[in-house]
Amino acid sequence: MSRFIIYLFPLLMDMALSTMFFVCSLRMAESGASAFAVSMISTVWALTYSLSAAVAGRLIRPDNAANYVIGSCLAVAVISGLFVLFPGLSMQYVLMIAIGWAVAMFFVPFQVFMKAVMGNTSWGLNVSTGLYTAAWSCGMALGPFVSGLLWQHFNWQICHLINAAAVLGCAWGIFRLRHYAQRPAALPDAAKATPSVKPAASPSSSQHSSEYGRYPDLVMIGWICGTVCFLTVAIIRAVFPSLATALTVSKANQGMVFAILFWAQAGAGLVLCLFRHWMYRRGTIIMVSLSGIIGFLLLGMGRTAPVFFLAALLLGIYTGTISCYFVFHALVHPRKSSSRVAVNETIVGITGSLGPVLGGLVADRSGLSTPFLLAALLLALAAVSFWRGYQKKFSASN
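Parameters and conventions
- Residues numbered from 1 in each chain as written.
- Predicted model: local features only at pLDDT ≥ 70, side-chain atom pairs only at ≥ 80, totals over all residues.
- Heavy atoms only, no water.
- Axes fitted to C-alpha atoms, helices over the stretch in contact; angles between N-to-C directions.
- Helix = DSSP H or I, 4+ residues; strand = E, 2+ residues; numbered from the N terminus.
- Parallel < 35°, antiparallel > 145°, perpendicular 65-115°, else oblique.
- Left-handed = near helix turned anticlockwise from the far one by under 90°.
- Nonpolar A, V, L, I, M, F, W, Y, C, P; charged D, E, K, R; others polar.
- pLDDT = per-residue confidence, 0-100.
- Patch = residues over 30% accessible without salt bridge, like charges linked within 9 Å, V, L, I, M, F, W, Y side chains within 5 Å.
- Areas by Shrake-Rupley, 256 points an atom, 1.4 Å probe, with all protein chains shown as cover.
- Salt bridge = Lys/Arg side-chain N within 4 Å of Asp/Glu carboxyl O.
- Buried < 20%, exposed > 50% of the residue type's maximum accessible area, 1.4 Å probe, protein only.
- Expected span 1.5 Å × (residues − 1).
- Bend = angle between axes of the 7 residues up to and from the residue.

A. Structural detail: the packing of helix α3 (residues 65-85) against helix α4 (residues 89-117). Direction vectors running N to C along α3 and α4 enclose 160°, while the axes themselves pass 8 Å from each other. With respect to each other, α3 and α4 are oriented roughly antiparallel. Crossing of α3 against α4: the hand is left-handed. Of the residues that constitute the contact of α3 with α4, the class distribution is 23 nonpolar, 2 polar and no charged.

Dropping the structure here:
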C-alpha cells in the first residue's frame with residue numbers, strides 16, 4: 001500500500017502551482033492592472049508549459065522519469081524563493097515562465113513514473129486515473145484556500161515559502177520511493193490463488209487492452225472535451241480574481257471559490273474510481289456538461305460569494321469528470337500512452353495560454369462577467385459536438 005503515497009506528490013506540486021497563480025494574479029489585480037495584464041500571469045506560464053511538455057515527451061523514459069521529477073521539485077523550490085527575493089510585479093512574469101518549464105518536467109515524467117509504479121498491481125486504469133485526478137485536484141484546491149488564509153493573516157511571502165517546503169518534501173518522497181518503478185509488484189494472495197480470474201492491470205498492460213479492447217478509440221473525443229474543459233478553467237483562473245476584486249469579495253472567499261471547485265473535482269475523480277466503464281457512456285459526459293453550463297451561468301450572473309460557491313461546486317463536477325476522461329483515453333492504449341500523455345499536457349499548456357488572453361480581452365471590452373457567459377455557450381456547443389462524434393465512433397465500430 002505504500003506505493004499509493006506517490007499520489008501525494010502531484011497534490012503537493014499542484015498546491016504550489018495554484019498558490020502561485022492565486023498570489024500572483026491577486027497581487028496584479030490589487031495593483032489596479034487591467035484584466036488582460038492579470039490574465040497574462042497564466043498565459044506566460046502556459047506557453048512555456050506547452051512547449052516544455054512537448055520536449056519532455058521526447059526525453060522521458062521509465063528509467064529516468066524519477067530523476068526528472070526530483071529535479072523539477074528542486075527547481076520549483078528555488079523559484080519559490082526567488083518570488084520572495086524579487087517581489088516586483090513585472091518579475092512575476094519572468095518567474096512564471098521558469099515555473100512553466102519546471103512543472104512540465106514534473107507532470108509528464110510523473111505519469112510515466114506512476115505507470116511504472118502501478119504497472120503490476122491489481123488496480124484498474126479507472127482507479128489510477130481517478131486517484132491521479134483527485135490528487136492534483138486536491139492540490140489545486142489547497143493552494144488558494146491555504147494561501148488566501150495565510151495572506152489575510154500574515155503576508156503573501158509566506159505562501160511562497162510554504163511552497164518551497166512542500167516541493168522539497170515531494171522531492172524527498174520520490175527519492176525514497178523510486179525503487180517501486182524498478183521492480184514488479186506482488187499481486188494479492190487472492191489473485192495468486194485464483195488464476196482463472198484475471199485482475200485489472202496497469203495502463204500499459206495487455207489485460208487493460210483486452211478489457212477495453214471491444215470499445216472504439218475515443219482519444220480524439222477526449223482531446224476535444226479536454227481542450228474545452230481546460231480552456232474554460234483557464235478563463236476562470238485568469239478573470240475571476242478581477243471580477244471578485246471589483247465586487248469586493250474577500251481574499252478568503254476568493255480562495256474558497258477555487259478550493260470548492262477543485263475539491264469537487266477531486267470528489268468526482270474518487271467517485272469515478274468505482275465505475276469501470278463510465279468513460280464509454282455518453283450520458284455521463286452530457287450530464288456533467290449540463291452541470292458545467294449552469295456553473296458558468298451562475299459565475300457570470302452572480303454577485304455574491306454564496307452564488308460563486310455553488311457555481312464552483314457545479315464546475316468542479318464537470319472538470320473532474322472531463323479530466324478523468326481526458327487522462328483515461330490517453331493512457332488506455334497499450335503502446336501509444338507515452339506520446340498521448342505528452343499531447344495531453346501540451347493541450348493543457350495551449351489552452352492555458354489562450355484562455356487567459358481571450359478571457360482578459362473580452363473582459364476588458366465587454367465586462368468582467370462576459371467571459372463566463374461565453375464559456376457556457378462554448379460548453380453547450382462542445383456537448384453537441386461530443387454527442388455527434390460519439391454516435392459516429394460507435395456506429396463505425398458496429
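From this point, things continue past the structure.
B. Quick look at the confidence of the model for the protein. Residues with a pLDDT of 70 or more make up 86% of the protein, whose mean pLDDT is 81. The lowest-confidence element of the protein is helix α7 (residues 189-193), averaging 39 in pLDDT; the highest-confidence one is α3, averaging 92.

C. Quick peek at a nonpolar patch on the surface. Taken together, the side chains of Val271, Leu274 and Phe275 present a nonpolar region at the surface, about 320 Å² in accessible area. Inspection of the secondary structure puts Phe275 in the loop between α10 (251-272) and α11 (282-301). The class of Phe275 is partly exposed, set by a relative accessible area of 44%.

D. View of helix α9 (residues 219-246). Under the 1.5 Å per step criterion, the end-to-end length of α9 is 40 Å for 28 residues, consistent within 8% with the ideal 40 Å. Along its length, α9 shows its largest kink, about 40°, at Val239, and proline Pro241 lies within four residues downstream of that point. The element α9 is extensively covered by neighbouring structure, given that 23 of its 28 residues are classed as buried. Two residues or fewer past α9, Thr248 is found with a positive phi of approximately 60°.

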